[in-house]
Amino acid sequence: MKELVEVIAKSLVDDPDAVVVTEKENEKELIVELNVAPADMGKVIGKQGRIAKAIRSVVKAASSKDEKKVILEIQ
């Protein structure tokens, strides 16, 4: 999941070297944290959160085989 989020985020931002993705996992859920440069935050979130919502939809679809809930946090 980490690689998927990283590829998507790096294709959206102007500074792909500043993209950092970390995972935290427990029994029921997987938390994926996406950190980008402050100047690129708007590009990842999009107007009215549309791009962020689309990224979350892709992650949810990719994780549908797993039993765990995946949460994407953009920081």
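See above for the structure.
Everything in this summary refers to the structure shown in the same document. Numbers given to residues run from 1 along each chain, matching the order in which its sequence is written. With pLDDT at 70 or above as the cut-off, local features in this predicted model cover only qualifying residues; side-chain atom pairs require 80 or more to be listed or tallied, and sums for whole chains, interfaces and linings still use all residues. Heavy atoms from the whole structure form the basis of all side-chain values; hydrogens and water molecules are not counted.

### Details of the packing of helix α1 (residues 2-12) against helix α3 (residues 50-62)
Think of two packed helices as two axes; the pair is described by the angle between the axes and how far apart they sit. What counts as an axis is a line fitted to C-alpha atoms, over the stretch in contact for a helix, and the angles between N-to-C directions run from 0 to 180 degrees. Numbered from the N terminus, helices here are DSSP runs of H or I no shorter than four residues, and strands are runs of E no shorter than two. Running from N to C, α1 and α3 point in directions that differ by 155°, and their axes come no closer than 10 Å. Between α1 and α3, the angle falls in the class roughly antiparallel. As for how α1 packs across α3, the hand of that crossing is right-handed. Contacts between α1 and α3 pair Leu 4, Val 5, Ile 8 and Leu 12 from the former with Ile 51, Ile 55, Val 58, Val 59 and Ala 62 from the latter. All amino acids are sorted into three groups, where Ala, Val, Leu, Ile, Met, Phe, Trp, Tyr, Cys and Pro are nonpolar, Asp, Glu, Lys and Arg are charged, and the leftover types, Gly among them, are polar. A class-by-class count of the residues in the contact of α1 with α3 yields nine nonpolar, no polar and no charged. Orientation categories follow fixed angle ranges, with anything under 35 degrees roughly parallel, anything over 145 roughly antiparallel, 65 to 115 roughly perpendicular, and all other angles oblique. Here a crossing is taken to be left-handed if its near helix is turned anticlockwise relative to the far helix by less than a right angle, and right-handed if that turn runs clockwise. Should any heavy atoms of two residues lie within 4.5 Å, those residues are counted as being in contact.

### Some remarks on α3
The span one expects for a helix is its residue count, reduced by one, times 1.5 Å. The end-to-end C-alpha separation of α3 is 18 Å, in line with the 18 Å expected for 13 residues at 1.5 Å each. Remark: exposure states derive from per-residue accessible area (1.4 Å probe, protein chains only) relative to the maximum for the residue type, with buried under 20%, exposed over 50%, and partly exposed in between. Regarding α3, the residues found buried are Ala 52, Ile 55 and Val 59. Across the axial projection of α3, the buried residues extend over an arc of 60°, all falling on one side. Residues of α3 that are exposed and angled more than 90 degrees away from the buried face: Arg 50, Lys 53, Lys 60 and Ala 61. Packed against the buried residues of α3 are α1, α2 (41-45) and β3 (69-74). What the arc describes is the spread of directions from the helix axis to the C-beta atoms.

### Here's the deal with the pairing of strand β1 (residues 20-25)
In this structure, β1 lies alongside strand β2 (residues 29-35), joined through six bridges in antiparallel fashion. Within β2, the position partnered with Val 20 by the bridge is Asn 35. Criterion used throughout: strands pair if DSSP finds at least two bridges between them. From the end of β1 to the start of β2, which pair antiparallel, there are three residues.

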